[in-house]
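Geometric and topological summary
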Amino acid sequence: MEKNKKKLILQTAFLLFLIIGTVVIVSQQHTMPYQKDTGFIFGTVYNISYQSDKNLKAELEAEMRKVDNSLSPFNKQSVISKINRNEDVEADRMFTDVFTLARRISDDTDGAFDITVAPLVNAWGFGFKNDTKPTRHAIDSLRQLVGYEKVRMAGGRIIKKDKRTMLDCSAIAKGYACDVVADFLRKRGIENFMVEIGGEIVARGINDSRLPWKIGVTKPVDDSLDTNREIQTVLNVTNKAMATSGNYRNFYYKNGKKYAHTIDPKTGYPVQHNILSATVLAADCATADAYATAFMVMGLDGAKDVLKKHPELMAYFIYSDDNGNNAVWFSPSMRDKIIE
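Everything in this summary refers to the structure shown in the same document.

About the thresholds
- Residues numbered from 1 in each chain as written.
- Predicted model: local features only at pLDDT ≥ 70, side-chain atom pairs only at ≥ 80, totals over all residues.
- Heavy atoms only, no water.
- Helix = DSSP H or I, 4+ residues; strand = E, 2+ residues; numbered from the N terminus.
- Buried < 20%, exposed > 50% of the residue type's maximum accessible area, 1.4 Å probe, protein only.
- Contact = heavy atoms within 4.5 Å.
- Pairing = 2+ DSSP bridges.
- Axes fitted to C-alpha atoms, helices over the stretch in contact; angles between N-to-C directions.
- Expected span 1.5 Å × (residues − 1).
- Parallel < 35°, antiparallel > 145°, perpendicular 65-115°, else oblique.
- Nonpolar A, V, L, I, M, F, W, Y, C, P; charged D, E, K, R; others polar.
- Disulfide = S-S within 2.5 Å.
- Phe/Tyr/Trp six-rings, centres within 6.5 Å; stacked < 30°, edge-to-face > 60°.
- Core = buried A, V, L, I, M, F, W, Y, C linked by side-chain atoms within 4.5 Å.
- Salt bridge = Lys/Arg side-chain N within 4 Å of Asp/Glu carboxyl O.

**Some points on the environment of Arg85**
As for its placement among the helices and strands, Arg85 is situated in the loop between α3 (79-84) and α4 (93-108). Looking at Arg85, the relative accessible area reads 39%, which means it is partly exposed. Each C-alpha atom, one on Arg85 and one on Met166, is 8.3 Å from the other, the two residues being 81 residues apart in sequence. Setting aside residues up to four positions removed in sequence, Arg85 forms contacts with Lys76 and Gln77.

If you want it as structure tokens, here you go:
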């Protein structure tokens, strides 16, 4: 009897300890402030909000610079720039991660996503060389250099079939950078945060209003100056990564004709498909980023075929229907993420 009484006392004490501990933790979470950092990286703006009693902006920017030093074609000393100049350089972990993922998604999308598209991007003026419209002959010549199967990695180095082939990770690098920053925050024990770099997002936990992270999808209205803020829908992206690709912001007019920034690696020309905006939710942002670009190239029917193979992906498409009106299609699994 005495033994049972002692056992009951110990169990009660342990339960009280758990209750008090939980109360303390919850109280700390309610009182701990959210840091809000913003800045400029990869030629775009970043916004990072995270619950922490210490500001980590310097450390976060250091993580983003690591990505820049690996994957930015604008950084002349980056790994990818050296590879494009055919220097003898060993790929670092970040480049290897992105190259491996890009290869897998290229296989999965029949080359709609292709990081060797750089020469065509540059020729159309969306890269870092010029903005002169290329001739058909020039496009046909450049197409001989494009194709993800024309590059491979061996012994930590990129092997090209043609030395003139160039790599461009711009359609996956910002998403990957979001993942890098998110991983850094998690390793610091931070559970509530939102990382946004150039429109690509990773969110976890709750925001400073103690609510799930909500992100708006902008209506696809021609907006090369990035002034339109009309929202098409709002998504709950808590514990997800989100990326959006759309030609309604990234385009230019030349001699009265509109040219979109997404280039079809197979044709060499800007895409003319019916998707105006592709938003993808995935477990990581690099994957969401790459598939969003691939879906813009593939069009609605092709994108749906890929999504059938990947129930883990969620997509929200705004497209132009047969009558030229904007319409919406989204994955069945996306329904629970749509707030309004």
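On we go.
**Points about the pairing of strand β4 (residues 157-160)**
The two faces of β4 differ: Ile158 and Lys160 on one face are buried, but Arg157 and Ile159 on the other face are not. Direction of pairing for strand β3 (residues 151-154) relative to β4: antiparallel, over a ladder of four bridges. Across the sheet, the residue bridging to Ala154 is Arg157, located in β4. Taking the residues between adjacent antiparallel strands as the criterion, β3 and β4 are bridged by two residues, where Gly155 takes a positive phi near 60 degrees.

**Looking at the sheet that holds strand β9 (residues 240-246)**
The eight strands lie next to each other as β1-β2-β5-β6-β9-β12-β13-β14, forming an open sheet whose pairing is antiparallel. Either end of the sheet is taken by a strand with one partner, and the two such strands are β1 (34-41) and β14 (326-330). The mean angle between the axes of side-by-side strands here comes to 10 degrees, regardless of whether they run parallel or antiparallel. As judged from the three bridges shared by strand β6 (residues 200-204) and β9, these two strands associate in the antiparallel manner. Looking at the pairing, Val202 lines up with Ala241 of β9. Those strands touched by helix α7 (residues 170-187) are β2 (44-51), β5 (193-197) and β6, and its axis lies near 155 degrees from that of β5. Set on the sheet, helix α8 (residues 285-309) makes contact with β6, β9, β12 (275-282), β13 (314-320) and β14; between it and β12 the angle comes to about 130 degrees.

**Some details on α7**
Taking 1.5 Å of rise per residue, the 18 residues of α7 would be expected to cover 26 Å, and the 26 Å separating its terminal C-alpha atoms lies within 8% of that figure. For α7, the full list of buried residues reads Ile172, Ala173, Gly175, Tyr176, Ala177, Cys178, Asp179, Val180, Val181, Ala182, Phe184 and Leu185. On its buried side, α7 packs onto β2, α2 (57-71), α4, β5, β6 and α8. Phi turns positive, to about 80 degrees, at Gly189, one or two residues after α7.

**What about the packing of α4 against α8?**
Two elements in contact, α4 and α8, have axes whose closest approach is 10 Å; the angle formed by their N-to-C orientations is 10 degrees. The angle between the axes of α4 and α8 places the two elements in the roughly parallel class. When α4 is examined against α8, the residues Leu101, Arg104, Ile105 and Asp108 are found in contact with a partner set consisting of Ala286, Thr287, Ala290, Tyr291, Val306 and Lys309. Residues that form the contact of α4 with α8 fall into these classes: six nonpolar, one polar and three charged.

**Focus: the state of the cysteines**
Enumeration over the complete set of coordinates arrives at zero disulfides. Here Cys285 is not disulfide-linked; the sulfur of Cys178 is the nearest cysteine sulfur, at 4.4 Å. When its relative accessible area of 0% is taken as the criterion, Cys285 is described as buried.

**Brief notes about the packing of aromatic side chains**
By the definition in use, this model includes six aromatic pairs. When the ring of Phe95 is compared with that of Phe99, the centres are 6.0 Å apart and the planes differ by 20 degrees; the resulting orientation is stacked. One end of the pair, Phe95, and the other, Phe99, are both in helix α4, four residues apart, so they sit about a helical turn from each other. Among the residues examined, Phe95 registers a relative accessible area of 1% and is labelled buried. Grouped by ring-pair contacts, the aromatic residues Tyr291, Phe295, Phe317 and Trp329 constitute a single cluster.

**Overview of the environment of Ile83**
In this structure, Ile83 sits in helix α3. For Ile83, a relative accessible area of 6% translates into the label buried. Excluding residues within four positions of it along the chain, Ile83 makes contact with Val89, Phe95, Ile158, Lys160 and Leu167.

**Re the nonpolar core**
Ile48, Phe95, Leu185, Phe295 and Phe317 are the most contacted members of the largest nonpolar core, which totals 69 residues. The greatest single-element share of this core, amounting to 14 residues, is contributed by α8. Those residues within four positions of Phe317 in sequence are excluded, and the remaining contacts are Ile275, Ser277, Ala278, Phe295, Leu300, Ala303, Leu307, Ala327, Val328 and Trp329. Counting residues in each nonpolar core, the second largest holds 15 residues, with Val217, Val237, Met242 and Met334 among its members.

**A short note on the pattern of salt bridges**
When the charged atoms of two side chains lie near each other, side chains of opposite charge can form a pair. Applying the stated criterion to the full structure yields 14 salt bridges. Between Arg85 and Glu87 there is a salt bridge; the shortest N-O distance is 2.8 Å. Between Lys187 and Asp183 there is a salt bridge; the shortest N-O distance is 3.2 Å. On the criterion of helical spacing, the pair formed by Lys187 and Asp183 is a turn pair, its members being four residues apart in helix α7. Note on Asp183: relative accessible area 31%, which makes it partly exposed.

Any functional reading would require information beyond the geometric quantities listed.
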